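# Fold and contact review
If you want the building blocks of each chain, they are given just below.
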Amino acid sequence: MKSSSGNLSSGVNVFAVVVDAGTFAAAAEQLGLSPPGVSRAIARLEARLKIRLFDRTSRAMSLTEEGRAFYEQVIPHLRGMEEAAAAAARGAGTVRGKLRINLDPVFSRIILGPRLNEFMDAHPELALEFIARDHLGDLIVDGFDLALRFGEPRSSSLVARKLLESGIVTVAAPSYLAARGRPAAPQELGAGHHTCLEFRNPETGKPFPWEFHRKRKRLVVETKGRLTVNDPTALVNACVAGTGIAQMLALVAEPLIREGRLVNLFPDWPDERFPLYAYHPSRHHTPVKTRVFLDFIVALTSGLSTAGTERQRRTRS
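The following refers to the structure shown. (Residues numbered from 1 in each chain as written. Predicted model: local features only at pLDDT ≥ 70, side-chain atom pairs only at ≥ 80, totals over all residues. Heavy atoms only, no water.)

## Examining the overall build of the protein
- Across its full length, the protein carries 12 helices and 13 strands.
- Per-residue burial over the protein gives 40% buried out of 317 residues.
- Restricting the contact set of the protein to residue pairs at least 6 apart, pairs at least 24 apart contribute 74%.
- For the protein, the accessible surface area stands at approximately 17000 Å², while carbon and sulfur atoms represent 51% of it. (Helix = DSSP H or I, 4+ residues; strand = E, 2+ residues; numbered from the N terminus. Buried < 20%, exposed > 50% of the residue type's maximum accessible area, 1.4 Å probe, protein only. Contact = heavy atoms within 4.5 Å. Areas by Shrake-Rupley, 256 points an atom, 1.4 Å probe, with all protein chains shown as cover.)

## Here's the deal with the packing of helix α5 (residues 105-112) against helix α11 (residues 288-301)
- Contact geometry of α5 with α11 gives a least axis separation of 12 Å together with a crossing angle of 65°. Between α5 and α11, the crossing angle belongs to the class labelled roughly perpendicular. Two packed elements cross with a definite hand, and for α5 against α11 that hand is left-handed. On α11, the residues that touch Phe107, Ile111 and Leu112 of α5 are Phe293, Phe296, Ile297, Leu300 and Thr301. (Axes fitted to C-alpha atoms, helices over the stretch in contact; angles between N-to-C directions. Parallel < 35°, antiparallel > 145°, perpendicular 65-115°, else oblique. Left-handed = near helix turned anticlockwise from the far one by under 90°.)

## Concerning the packing of aromatic side chains
- This model, assessed by the stated rule, comprises 13 aromatic pairs.
- For the ring pair phenylalanine 119 and phenylalanine 296, a centre distance of 5.1 Å and an interplane angle of 40° mean the geometry is tilted. Here phenylalanine 119, found in helix α6 (residues 116-122), pairs with phenylalanine 296, found in helix α11; they are 177 residues apart in sequence, far enough to count as distant. Side by side, phenylalanine 119 and phenylalanine 296 carry an identical accessibility label, which is buried.
- Joined through ring pairs, the aromatic side chains of Phe15, Phe24, Phe54, Phe70 and Tyr71 make up one cluster.
- Against the face of phenylalanine 144 rests arginine 100, its NZ or CZ located 4.5 Å from the ring centre.
- The cationic tip of arginine 214 hangs over the ring face of tryptophan 269; the distance from NZ or CZ to the ring centre is 4.0 Å. (Phe/Tyr/Trp six-rings, centres within 6.5 Å; stacked < 30°, edge-to-face > 60°. Lys NZ or Arg CZ within 6 Å of the ring centre and 35° of its normal.)

In short, shape yes, function no, at least from these values alone.
In structure tokens:
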């Protein structure tokens, strides 16, 4: 029984390294084994569990549905034991290791950037790796501990926690309005008289629809912009330059509106919201490094939704 348990533990460790490394060859290098040795360890684990963990071809490898479920159930426990052992050996009060985060570019620039040093100074032995992407992707296969993404969550096994909601505003530069005139109503944007800047939805590959919300009323305007971007900075720069009208997060637009570089065209349509969520793989045995960063982000964002709501109330009043 002891030998069988030891073989299972060894196989799980090899399985975890293969998933994190992405290939059997890379896992073999990390473990100091031969690729056939790694393959045999996975085969023994699959025989023990009576499931297939990986779909393997000559060109690619991916987790099966059963393999993904096993990873989500087992890996948090494995990492929790590793952290507990490290804490016992070196002192439980220090957060160590590397935290890999799938980070929305807007959140990184507007909210996190100005306060990041505060977190880094509090945890000097924790290394952070930020990967800026325009989509959530697969946290497990891509090796992320945490993701911070704008947009409604899609159905998945990930734990999703809403952090804030930002309003959506429709804006243009004073130079654009001087040249093209100011639209009096949202419907004018679909009549072909104005240039609309489109932003691509990374989940669908198509531009986001232009929506306008006022209490329970929802208006959708079909626009046909000639410029479509998937980078928030490119959208802001084009709009500020007077290229066209854009819809963007109020968190991004409000400083530019206060500076007079952008104009909120429809303050009487203030009720569209876009949420920011934090995602992580498991509700149980969340690693300490993930918990401390998530706690920091929750504290960082706790007042932003309320502030946005108050600004919208003042606009309506």
